[in-house]
Amino acid sequence: MILQELKNQVCQTIDDNAAQIVQLTQELERTPELGFKETKTAAAVAKFLGDIGYACREGLAITGVKTSLKPGATGPNVAVIGELDAVVCPDSPAADPMTGAAHACGHNLQLGAMLGAALGLKLSGIAGSLAGNVTFMAVPAEEYVEIEFRQQLRQQGKIRYLGGKQELVHRGEFDDIDLAMMVHADKDAPGPRVGLCDTCNGFIGMTIQYVGKEAHAAGAPHEGINALNAAMIGLMGVHALRETFRDQDIIRVHPIITKGGDLVNIVPADVRMETYVRARTMSAIEGTYGKVARALKAGGDSVGAQTHIHTIPGYLPLTCCASLNDVFRRNALDLLPADCVVENGHFGGSTDMGDISHILPSIHPFVGGVCGAHHTKDFHATDHAAACVLPAKIMALTVIDLLADNAACANQIRQNFRPVLTKTEYLALLDKYFS
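Conventions and cut-offs
- Residues numbered from 1 in each chain as written.
- Predicted model: local features only at pLDDT ≥ 70, side-chain atom pairs only at ≥ 80, totals over all residues.
- Heavy atoms only, no water.
- Helix = DSSP H or I, 4+ residues; strand = E, 2+ residues; numbered from the N terminus.
- Rg over C-alpha atoms; globule rule 2.2 N^0.38 Å.
- Buried < 20%, exposed > 50% of the residue type's maximum accessible area, 1.4 Å probe, protein only.
- Contact = heavy atoms within 4.5 Å.
- Lys, Arg positive; Asp, Glu negative; His and termini not counted.
- Charge placed at Lys NZ, Arg CZ, Asp CG, Glu CD.
- Phe/Tyr/Trp six-rings, centres within 6.5 Å; stacked < 30°, edge-to-face > 60°.
- Lys NZ or Arg CZ within 6 Å of the ring centre and 35° of its normal.
- Axes fitted to C-alpha atoms, helices over the stretch in contact; angles between N-to-C directions.
- Parallel < 35°, antiparallel > 145°, perpendicular 65-115°, else oblique.
- Left-handed = near helix turned anticlockwise from the far one by under 90°.
- Nonpolar A, V, L, I, M, F, W, Y, C, P; charged D, E, K, R; others polar.
- Salt bridge = Lys/Arg side-chain N within 4 Å of Asp/Glu carboxyl O.
- Core = buried A, V, L, I, M, F, W, Y, C linked by side-chain atoms within 4.5 Å.
- Expected span 1.5 Å × (residues − 1).
- Arc of directions from axis to C-beta.
- Pairing = 2+ DSSP bridges.

(A) Expanded view of the overall build of the chain. When helices and strands are tallied, the chain shows twelve helices and 20 strands. In terms of overall dimensions, the chain is globule-like: its C-alpha atoms have a radius of gyration of 23 Å, near the 22 Å expected for 435 residues. C-alpha extents for the chain along the principal axes are approximately 85 × 45 × 45 Å. Within the chain, the fraction of its 435 residues that count as buried is 57%. Taking as baseline every contact in the chain between residues at least 6 positions apart, the subset at least 24 positions apart corresponds to 80%. In the chain, which carries 36 positive and 47 negative side-chain charges, the distance between the mean positions of the two groups comes to 4 Å.

Right under this line is the structure:
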């Protein structure tokens, strides 16, 4: 069967089942779950895959799901990834009233796209015309939230790392993967659209505790050490650094106070903060981290409070594989007008797909069909065909290009790729940031 016939057959199969794909994404939107808690979402994904003939492994990194189109096949293995978790956005109309979780980043849509690609490649019957293998992975905990909860999981030995893909790398679930791709919902893009991403920021996480001394806030404030004042001075120190941040490094530091004291009439003696230090490169992240840590410590020193700063590994900067992006772009242009396939360039946010891109050729395009900004109450799907059915086709067509002709394209990309880190080096880097 010639290449175009394979592609036509897969697209027709996805179109024939589009309503089923969209229905699942809408069901997932109604049951948003936070990282490492995505039990209902994982069960729904596994059921969908099982119903179309896949044998799934479940419970990976607590909730992950993994399956393959051609189990046991040799040759290049292409991973198509979707993320299980929601984000905290209690103002979203679709938020869980108990947890505040909402799919305000569109992970339900990318799961639909992943599952649509899995369906098209399976039910079209073309697997025998492809070399190598395709693995579908529903991964937990991309959103870097509920850090205290994840630290508890780590202390209990249930996870070693705080991000889902990090944990799956540690557990060997990426050892058999040669190339990886996923899509992500764009922002304020209501119609069909593809934005190719080149890079995005990485970050280091920090938790800060100021320990002062309690005293009656009105009767004897002079006997206390105000930890909230320490935090405020530390924050002002961070703000004073901003003029030193170089534009090309795209640095973002955005702390929050998670505990500001205990009672209003007691001098605050235990104040806690969290922040990310984001930037385009690891060298910029590490350099900025040192400045921020000094400024925060100076806040405690200024009032005589103790300052405890703990570092946790965040996500590495994303660098998409240009040649894999080119394959994806060509297939997007086959389905969309040229003005609907654009270059998004650099993205200021972060994703643990950046970690994967240091080890494997990886891409992370953005797709339309949504309105509103990420992580806000206004984010919602406007066109499910554009948000999940169209990218399902593009990813499936990209798989065909990679694995047809005895996987010549996939082999070439794999041979030309120079990983930034080996798996061993990568895990050692993460371990370094736990302090």
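There is more to say, and it comes next.
(B) Just the packing of aromatic side chains, in detail. As enumerated under the stated definition, the model contains eight aromatic pairs in all. Ring-pair connections join several aromatic residues into one group, and the members of that group are Tyr144, Phe203, Tyr276 and Tyr315. Stacked on the ring of Tyr54, the Lys or Arg Lys122 has its end atom at 4.9 Å from the ring centre. Its end group placed over the ring of Phe434, Arg154 keeps NZ or CZ at 3.5 Å from the ring centre.

(C) Seen up close, the packing of helix α1 (residues 3–16) against helix α4 (residues 107–123). Remark: α1 packs on α4, axes separated minimally by 8 Å, with the N-to-C direction vectors making an angle of 120°. With respect to α4, the axis of α1 lies oblique. Taken as a pair, α1 and α4 cross one another with a handedness that is right-handed. Contacts from Val10, Thr13 and Ile14 of α1 reach α4 at Gly116, Leu119, Gly120, Leu121 and Leu123. By residue class, the composition of the contact of α1 with α4 is five nonpolar, three polar and no charged.

(D) The arrangement of the pattern of salt bridges in detail. By the definition in use, this model includes 23 salt bridges. A salt bridge links Asp401 to Lys7; the nearest nitrogen and oxygen atoms lie 3.0 Å apart. Of this pair, Asp401 sits in helix α11 (residues 384–416) while Lys7 sits in helix α1; the two residues are 394 residues apart in sequence, bridging distant segments of the chain. Lys7 carries the same exposure label as Asp401, and that label is buried. The shortest N-O distance in the salt bridge between Asp178 and Arg414 comes to 3.1 Å. Linking Asp178 in the loop between α6 (164–170) and β7 (179–181) with Arg414 in helix α11, this pair joins segments that are 236 residues apart in sequence. Taking the relative accessible area as the measure of exposure, Asp178 reaches 17% and is therefore buried. Here the residues in one salt-bridge network are Arg57, Lys66, Glu173 and Asp176, joined through shared partners.

(E) Just the nonpolar core, in detail. Among the nonpolar cores identified, the biggest contains 133 residues, and Leu121 and Phe136 are the most heavily contacted of them. Among the elements that line this core, the one with the most residues is α11, at 17 residues. The contact partners of Leu121, leaving out residues within four places of it in the chain, are Val10, Leu69, Ile126, Ala127, Leu130, Val134, Phe136, Ala396, Val399 and Ile400. In this structure, Ala101, Ala104, Leu109 and Phe379 belong to the second largest nonpolar core, which totals 14 residues.

(F) Structural context of α1. Here α1 is 14 residues long and its end C-alpha atoms lie 20 Å apart, about the 20 Å a rise of 1.5 Å per residue gives. When we look at burial in α1, the residues that qualify are Leu6, Lys7, Val10, Cys11, Thr13 and Ile14. In an axial view of α1, the angular spread of the buried residues amounts to 160°, which keeps them on one side of the axis. Close packing links the buried residues of α1 with α2 (18–29), α4, α9 (322–335) and α11.

(G) Structural detail: the sheet that holds strand β6 (residues 133–139). Across the sheet, six strands lie side by side as β1-β2-β6-β3-β7-β17; this open sheet has mixed pairing. Each end of this open sheet is capped by a strand with a single partner; those strands are β1 (57–60) and β17 (362–363). The pairing of strand β3 (residues 77–83) with β6 spans seven bridges and is classified as parallel. By the bridge assignment, Glu83 is partnered in β6 with Val139. Lying on the sheet, helix α3 (residues 39–51) is in contact with β1, β2 (64–68) and β6; it crosses β2 at an angle near 15°.

(H) Representation of unusual backbone geometry within the structure. Of note, the phi angle at Asp188 is positive, near 50°, even though the residue is not glycine. Here Asp188 shows up in the loop between β8 (184–185) and β9 (194–200). Here Asp188 falls in the exposed class, since its relative accessible area comes to 52%. Positive phi, normally seen in glycine, also occurs at His375, with a value near 65°.

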